[in-house]
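So the chains spell out like this:
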Protein chains: 2
Amino acid sequence: MGMLPDKAVPDIVIGRLPIYLRALAHLEAEGQRIIASKDLAKRLGMSSAQIRKDLSHFGEFGKQGMGYDVTYLRDQLRTVLNIDRRWDVALVGAGDLGHAIAYYGGFEGRGFHISCVFDNNPQKIGRRLGRFEILDAIELPAKLRELDIRIAIVAVPANAAQAVVDDLVTGGVKAILNYAPITVTVPAGVHVQYIDPVVHLQRMSYYLE
Amino acid sequence: MGMLPDKAVPDIVIGRLPIYLRALAHLEAEGQRIIASKDLAKRLGMSSAQIRKDLSHFGEFGKQGMGYDVTYLRDQLRTVLNIDRRWDVALVGAGDLGHAIAYYGGFEGRGFHISCVFDNNPQKIGRRLGRFEILDAIELPAKLRELDIRIAIVAVPANAAQAVVDDLVTGGVKAILNYAPITVTVPAGVHVQYIDPVVHLQRMSYYLE
DNA sequence: GAGACTATGTGAGACCTTTCACAAGGCCGC
DNA sequence: GCGGCCTTGTGAAAGGTCTCACATAGTCTC
């Protein structure tokens, strides 16, 4: 009945697009107008064929003999990644880590905007964290629905993370960036990405000595 | 002449070991003595066969009919990952991000210990950041060799990151955790892992709407 | 405007990773 | 100690990803 969907693009390809996008932003800042897959590949430490094949999932963005127009390709990738708009993001956890995230200036200009901060500590609720008033985590699901928020960042201790994630899912969140050092469970259709610096360090220490 | 090396274990397998280790630490804290691959897999949202095959690269750690002894497997994974010891880590960058990292309590107890902090800002050099005196980044390579440091964390702005990484490599560092939002180039044999929260968010925003 | 050069987009094949499915081995109750 | 039950460790097969290499199409020089 409906048209057949394109075969889904592999997630591993999606994962590389933000890397390409980041490199293109730097190239543009450097004033470079055109970039060949070979040169981009060199910069990123990968093969040019991989870049070309990745991009080919979404269209033909290059010019044979020339390469890619930096600005055009950047705009195309933004569209593909759904960041040709600004996403509001909820931050849960107003401790040291939440503090650092709330003050981090790198979200604006790359598609994201922290719009509210939650904590469950009565000492903190109602206080300010930078430009935010800290909201009561008990209101999490209701507030998320009210603000129509789809993305959240979790910066709470490991033992609170699963409960927070459950509340986020109840509130309609579909994408979670989890700084808590624990693997959480979510229903199908909800995406989770993890940031645990120790996991990265441990992965590299395997190769040491 | 020398004995043939075992076929190298795929890096993707190495990347999962810290996840297993983290889950085992939680299981142990919960008082669980034994865990079956099936139950661990459920907790981590993966297949039990993958866990068993991953572990089989390093030995036979389980008991048929029973599962794995939590403490024993945890110790074995620590040994495999070379974290049955403590690694000293250098932190470069004493800004907001460096501050948050220096104060993060999660390194101790998981194999790592921040042992020195560098910055290139004359206003900061000589001041204190928590328990650290901030050292002059100009002395990076010499100091790293003196202290025999193999692992570093980069928390400087993107435009300074490549120069810092080059200094780290000169100083003998073999593993770099890079918080700067830029892909850096390193010689073969040096490992880099990236933490850029925006990259993670962008990857998930593809699936939204 | 013709020829030399360059870089894309892409099938085909090589290579890598995951899953399947089962033999082998260990526990438990009676 | 025997039968039933359970889970590991692992070849083989299936599935996924990357690289190769080239036809195609565009640029640039003269």
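Coordinates for the structure precede this section.
Residues numbered from 1 in each chain as written. Chains lettered and ligands numbered in written order. Predicted model: local features only at pLDDT ≥ 70, side-chain atom pairs only at ≥ 80, totals over all residues. Heavy atoms only, no water.

### Topic: the protein's contact with DNA strand D
Step number 1: What surrounds DNA strand D is a group of 23 residues, the closest being Gln64 of chain A together with Ser37, Arg52, Gln64 and Tyr68 of chain B.
Step number 2: Backbone atoms, meaning sugar and phosphate, form 66% of the atoms of DNA strand D found within 4 Å of the protein.
Step number 3: In the environment of DNA strand D, a base nitrogen lies 3.3 Å from a nitrogen or oxygen atom belonging to the side chain of Arg52 of chain A.
Step number 4: Between DNA strand D and the protein, one listed contact pairs a base oxygen with a side-chain N or O atom of Lys53 of chain A at 3.3 Å.
Step number 5: The residue inventory of the surface near DNA strand D, partitioned by class, reads 7 nonpolar, 9 polar and 7 charged. (Near = heavy atom within 4 Å. Polar contact = N/O pair within 3.5 Å; in protein donor to acceptor, adjacent residues only side chain to side chain. Nonpolar A, V, L, I, M, F, W, Y, C, P; charged D, E, K, R; others polar.)

### A short note on the packing of aromatic side chains
Step number 1: According to the stated counting rule, one finds 8 aromatic pairs over all chains in the structure shown.
Step number 2: Aromatic side chains Phe58 of chain A and Tyr206 of chain B sit 6.4 Å apart centroid to centroid with 80° between the ring planes, which places their arrangement in the edge-to-face category. With one member in each of two chains, Phe58 of chain A in the loop between helix 3 (48-56) and strand 2 (62-63) and Tyr206 of chain B in the segment after helix 8 (197-205) form a pair that bridges those chains.
Step number 3: Assessed through its relative accessible area of 21%, Tyr206 of chain B is described here as partly exposed.
Step number 4: Where Phe61 of chain B meets Tyr72 of chain B, the ring centres are 6.5 Å apart and the plane angle is 65°; that geometry is what we call edge-to-face. In this pair, Phe61 of chain B is assigned in the loop between helix 3 (48-56) and strand 2 (62-63) and Tyr72 of chain B in helix 4 (residues 70-80), connecting sequence segments 11 residues apart.
Step number 5: In this structure Phe61 of chain B comes out as buried when scored by relative accessible area, which is 10%. (Phe/Tyr/Trp six-rings, centres within 6.5 Å; stacked < 30°, edge-to-face > 60°. Helix = DSSP H or I, 4+ residues; strand = E, 2+ residues; numbered from the N terminus. Buried < 20%, exposed > 50% of the residue type's maximum accessible area, 1.4 Å probe, protein only.)

### Regarding the relation of the copies chain A and chain B
Step number 1: When chain A is fitted onto chain B, the two copies agree to an RMSD of 0.0 Å after a turn of 180° and an axial shift of 0.0 Å. A rotation of that kind, with that shift, is consistent with a two-fold axis. Ranked by how close their C-alpha atoms come to the rotation axis, the residues of chain A are headed by Ala100 of chain A, at 3.1 Å.
Step number 2: Comparing interface residues between copies, 100% of those in chain A also lie at the interface in chain B; the contact surface is shared. (Least-squares fit on C-alpha atoms with pLDDT ≥ 70 in both. Contact = heavy atoms within 4.5 Å.)

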